[in-house]
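Observations on chain architecture
Chain by chain, the residues:
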Amino acid sequence: MAQIAIADQGYESHEPHSFVTRYIWSQDHKVIAIQYAITATGVGLVALILSWLMRLQLGFPHQVSLIDPHAYYQFITMHGMIMVIYLLTALFLGGFGNYLIPLMIGARDMVFPYLNMLSYWFYLLSVIVLLAGFFIPGGPTGAGWTLYPPQAILRGTPGAELGVITMLVSLAIFVVAFTMGGLNYVTTILQARTRGMTLMRMPLTVWGIFMATVLGLLAFPALFVSAIMMLLDRLLGTSFFMPAVISMGTQLPNAGGSPILFQHLFWFFGHPEVYIVALPAFGIVSDLLSTHARKNIFGYRMMVWAILAIGCLSFVVWAHHMYVSGMNPYFGFFFATTTLIIAVPTAIKVYNWILTLWRGNIHLTVPMLFAIGFIFTFVHGGLTGLFLGNVVVDLPLSDTYFVVAHFHMVMGVSPVLVMFGAIYHWFPKITGRMFNEKLGKIHFWVTFLGAYAIFLPMHYLGFLGMPRRYYALGDTAFIPASAHELNMQITVAALIVGAAQLLFLGNVIWSLRKGELASANPWGATTLEWQTPDTPPRHGNWGATLPIVYRWAYDYSVPGAAQDFIPQNLPPTDAPSAETKP
Amino acid sequence: MSIMAMFVPIALAIVLWLALLQKLQAKPWLVQGIAAEPGNSATRYPAKVIGLGVFLAVVTALFTLFAAAYHMRMAVPDWSHLPLPKILWFNTALLALSSIALQWAWSATDRPAPGLIDIRRGLLAGASLALLFVAGQLLAWRQLDANGFFFSCTPASAFFYLFTGLHGLHLVGGLLVLGKTTTKIYRLDLSNRTAAVAPLLLSIKLCAIYWHFLLLIWLAIFALLFLT
């Protein structure tokens, strides 16, 4: 049974030896993590190219004949859905979650390795079904990533015949895949921690992934429910969401369905989804800042409590996405209040990150640059969130580029920066080689400054009233010529930033082959994954015996210690106590 | 939406309670060594029990959301009451008996020397009753169809087929596992049963928990459909 292997009673390494069992039908959490990461990156590149095409149309309208209005809406929809679900969720939880959880808590693998393997293959299936949308008659759905009915399944919307079906089926499969993975992450964290690894000794990365998984397990069912019910509306003519509609002169069979019901279900998933992406990023960035500033994380307990508080609050704010759908003013007041309250734990986290940096021994390594960059973009996106959380401010801004700028800053750029930081940080452990630092720094600066060049002007365009979701602006009195120029500049910046990501991929591929060999612990980090006997860790992670944990994850620069870090598995007698610290 | 909003705090409260058991108050930077807390709680519950618990929480979230959708859809004026087939009462009794049979098997595993005969009878009875339940539900579908209510006829009938269909799928998934366990128990050599028994006993326990959950969910669905 799995738990016996995990509890390490008479561990035997059942290391697979054939290529197929080792790298394809693998049950090793590290291989599954890399499979997740490669698939997510691949599908993310598709979404990147889609964003280029969208920006080309917006910056240089009608110059590219490939992009007609239908294609433009299909690009928007697929870009949004891929980035939010198939890239960010899959990479943070399926990728980093899978790789880091067992290593950070001192386990040999996930508790249900077979389920873990199934999780990946279901994820791959969902990606294939999603991408199949590009090759079926009518193309993928163009209903926007929110898929609001009735328009998502009415004729006239791109992909309403088949595209919307592949999209909904793909989402349902993704939810199944996520549930199988999520069961593993939660149970592993609760059950398979090594001796001495109490919950409050876990690195914040694990805390962030843990809470994000719990949110996902409770929120993804809402997506599943709405996908199933919409599929039934589309295929069997039920009326869950579909009101009576006359479409192109014919009366549809539906009557009485409630489109608002879909919006409630969708956003009941959609808002926690923001935190499913953000919480792992919060956790990872905490560890990056602490490690590369050689200083313990400021307010560890507060950081854990804030993660839990954000997780709970994220379930009672969903209707702030629906202010423009119309609602009882008291509801609006309630949801505006909860939305603003969630800023409190989030602000605690930001203060603690800054206080971690305060008087730290900051090493401006590539991961650290990305982590600090994240603080900027996240504060920036968070502050515009405070604007939009208020009903009266949201109503006029909701359909403008201000919202596009807000959510791209807060849940596009910010988590992506952390993702890159995390890849650069753990690259030596995962591959056994160092990346090229110069290329990494170029990648950071182009991405960071480029993101501002793209999204900062969008706030201004939003204030001007430039509407989002429009294929072309045409000649309108309230949009001055300068706005069109700004759109051109944004497009140029987007093309450059996109190209910089190819530089990153090039760096990864080059470093895999030619990178300098990495030592076991190049950053001098305390957490367990850096203390493995082999780099990269072998099957079973820990050799003959599991590590024993004697201290928390943040013993950096302890006065009197021989090194400026004390690994978690170093017994207390070998190092002076930290108790003398104030 | 109110049902939905209620479920989540409860589920999160359970998670927090689990976490609080492990002392979220701890100041980990002050305490070193491993004496403070055993850390590894794997000895208390097998991982499979925790895994099943988490899975059932996800299923609860799923059904709660469907119930919330049902509740909201009811508020639309075109709603009409669905006359439920009488056979559902009989089916409910079947499922309850099935649950009791599995409980019987479970309690037989708790004895110092597990009563294999009782376990076998309990599992077989539980599985057959569950199969009868599925057949009964299919019959209920036929009856409803004969009365002129198919899937897309009224919103209430659509929800009826959706609820019973999903619950049926959930049950069939459980039946596959139960079938596997039952086969293994039957293949077990009565004379030499020390080593192979432990994982099977756990698996019986998991099946019983799953079945009680199935019953609870069904009772909730039935009550919801019956009372509205």
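Residues numbered from 1 in each chain as written. Chains lettered and ligands numbered in written order. Predicted model: local features only at pLDDT ≥ 70, side-chain atom pairs only at ≥ 80, totals over all residues.

Looking at the overall build of chain A
Broken down by element type, chain A carries 16 helices and 2 strands. Over its C-alpha trace chain A gives a radius of gyration of 24 Å, about what one expects of a compact globule, namely 25 Å for 582 residues. For the C-alpha atoms alone, the extent of chain A along its principal axes is close to 80 × 50 × 50 Å. Every one of the 582 residues in chain A was classed for burial, and the buried ones make up 58%. Across chain A, the fraction of contacts at a sequence separation of at least 24, relative to all contacts at a separation of at least 6, is 80%. (Helix = DSSP H or I, 4+ residues; strand = E, 2+ residues; numbered from the N terminus. Rg over C-alpha atoms; globule rule 2.2 N^0.38 Å. Buried ≥ 20, exposed ≤ 12 C-beta atoms within 10 Å, placed from the backbone. Contact = placed C-beta atoms within 7 Å.)

Some details on the overall build of chain B
What chain B contains, in helices and strands, is 6 helices and 0 strands. Put simply, chain B runs from its N terminus to its C terminus through helices and strands in the order α-α-α-α-α-α. Scored against the burial criterion, the 228 residues of chain B give a buried share of 37%. A sequence separation of at least 24 residues applies to 82% of the contacts in chain B between residues at least 6 apart.

Re the nonpolar core
It is characteristic of soluble globular proteins that their nonpolar side chains tend to be buried jointly. Among the nonpolar cores identified, the biggest contains 244 residues, and A:L91, A:V225, A:V285, A:I307 and A:F370 are the most heavily contacted of them. Looking at this core element by element, the count peaks at 25 residues for helix α4 (residues 69–105) of chain A. (Core = buried A, V, L, I, M, F, W, Y, C linked by C-beta atoms within 7 Å.)

With respect to the packing of helix α7 (residues 204–235) of chain A against helix α9 (residues 300–313) of chain A
Residues and elements named next belong to chain A. At a minimum axis distance of 10 Å, the contact between α7 and α9 shows a crossing angle of 15 degrees. Between α7 and α9, the angle falls in the class roughly parallel. For α7 against α9, the interelement crossing comes out right-handed. Contacts between α7 and α9 involve L204, W207, G208, M211, V214 and L215 from the former and M303, V304, I307, L308 and G311 from the latter. (Axes fitted to C-alpha atoms, helices over the stretch in contact; angles between N-to-C directions. Parallel < 35°, antiparallel > 145°, perpendicular 65-115°, else oblique. Left-handed = near helix turned anticlockwise from the far one by under 90°.)

Side note on helix α11 (residues 343–357) of chain A
Residues and elements named next belong to chain A. A rise of 1.5 Å per residue sets the reference length of α11, with its 15 residues, at 21 Å; its end C-alpha atoms lie 21 Å apart and thus fit the reference within 8%. Regarding α11, the residues found buried are T346, K349, N352, W353 and T356. Relative to the axis of α11, the buried residues are bounded by an arc of 120 degrees and lie together on one face. Looking at the buried residues of α11, the elements they touch are α8 (259–292), α9 and α12 (366–389). A positive backbone phi angle near 60 degrees is found at R359, which sits one or two residues after α11. (Expected span 1.5 Å × (residues − 1). Arc of directions from axis to C-beta.)

Re the confidence of the model for chain A
Looking at chain A as a whole, the pLDDT averages 91, with 96% of positions reaching at least 70. Low pLDDT, under 50, characterises residues 578–582 of chain A; the stretch is placed with 5 contacts to residues that sit more than four places away or in other chains. (pLDDT = per-residue confidence, 0-100.)

Section: the environment of A:L130
All names here are of chain A. Examined against the element boundaries, L130 turns out to sit in helix α5 (residues 113–132). Counting along the chain gives 244 residues from L130 to F374, while the straight-line C-alpha distance between them is 30 Å. Not counting residues up to four positions away in its chain, the partners in contact with L130 are Y86, T166, M167 and S170.

Concerning unusual backbone geometry
Residues and elements named next belong to chain A. The linkage connecting P149 with the following residue, P150, adopts the cis geometry, with an omega of 0 degrees. Here P150 is to be found in the loop between α5 and α6 (163–191). Omega for the peptide link from T535 to P536 comes to -10 degrees, which places this bond in the cis form. You can see P536 is positioned in the segment after α16 (481–514). In this structure, R359 takes a positive phi of about 60 degrees despite not being glycine. Positionally, R359 belongs in the loop between α11 and α12. In this structure, R469 is a non-glycine residue whose phi angle is positive, near 70 degrees. When you line up the elements, R469 lands in the loop between α15 (437–464) and α16. A count of 11 C-beta atoms within 10 Å places R469 in the exposed class.

Details of helix α14 (residues 401–431) of chain A
All names here are of chain A. Largest kink in α14: about 40 degrees, centred on H408. Counting buried positions over the 31 residues of α14 gives 28, a clear majority of the element. The positive-phi residue at the C-terminal boundary of α14 is G432, with phi of around 80 degrees. (Bend = angle between axes of the 7 residues up to and from the residue.)

Remarks on the packing of α12(A) against α15(A)
Residues and elements named next belong to chain A. It is the contact of α12 with α15, at a shortest axis distance of 10 Å, that shows an interaxial angle of 10 degrees. On the basis of their axis angle, the class for α12 and α15 is roughly parallel. From α12, V366, L369, F370, G373, T377 and T384 reach across to α15, where they touch E437, G440, K441, F444, F448, A451 and H459. For the contact of α12 with α15, the residue count by class is 6 nonpolar, 5 polar and 2 charged. (Nonpolar A, V, L, I, M, F, W, Y, C, P; charged D, E, K, R; others polar.)

Focus on the environment of A:L503
Residue and element names in this part refer to chain A. Take L503: it is sitting in helix α16. Between the C-alpha atom of L503 and that of L439, which follows or precedes it by 64 residues, the distance is 7.5 Å. In this structure L503 touches L439, I442 and H443, once residues within four positions along its chain are discounted.

Points about the confidence of the model for chain B
Residue and element names in this part refer to chain B. The share of residues in chain B with pLDDT of 70 or more is 83%, and the mean pLDDT across the chain is 84. Least confident of the elements in chain B is helix α1 (residues 2–21), whose mean pLDDT is 67; most confident is helix α3 (residues 87–109), at 93. Across residues 38–42 the pLDDT falls below 50, and counting only partners more than four positions away or on other chains, this stretch makes 17 contacts in the model. Scored by ipTM, the complex comes to 0.90, with pTM at 0.93.

Some points on the environment of A:R234
Residue and element names in this part refer to chain A. You can see R234 is positioned in helix α7. Overall, the presence of 20 C-beta atoms within 10 Å leaves R234 in the buried class. Placed 208 residues apart in sequence, R234 and S26 show a C-alpha to C-alpha distance of 38 Å. Filtering out sequence-adjacent residues up to four positions away, R234 remains in contact with I153, V164 and I165.

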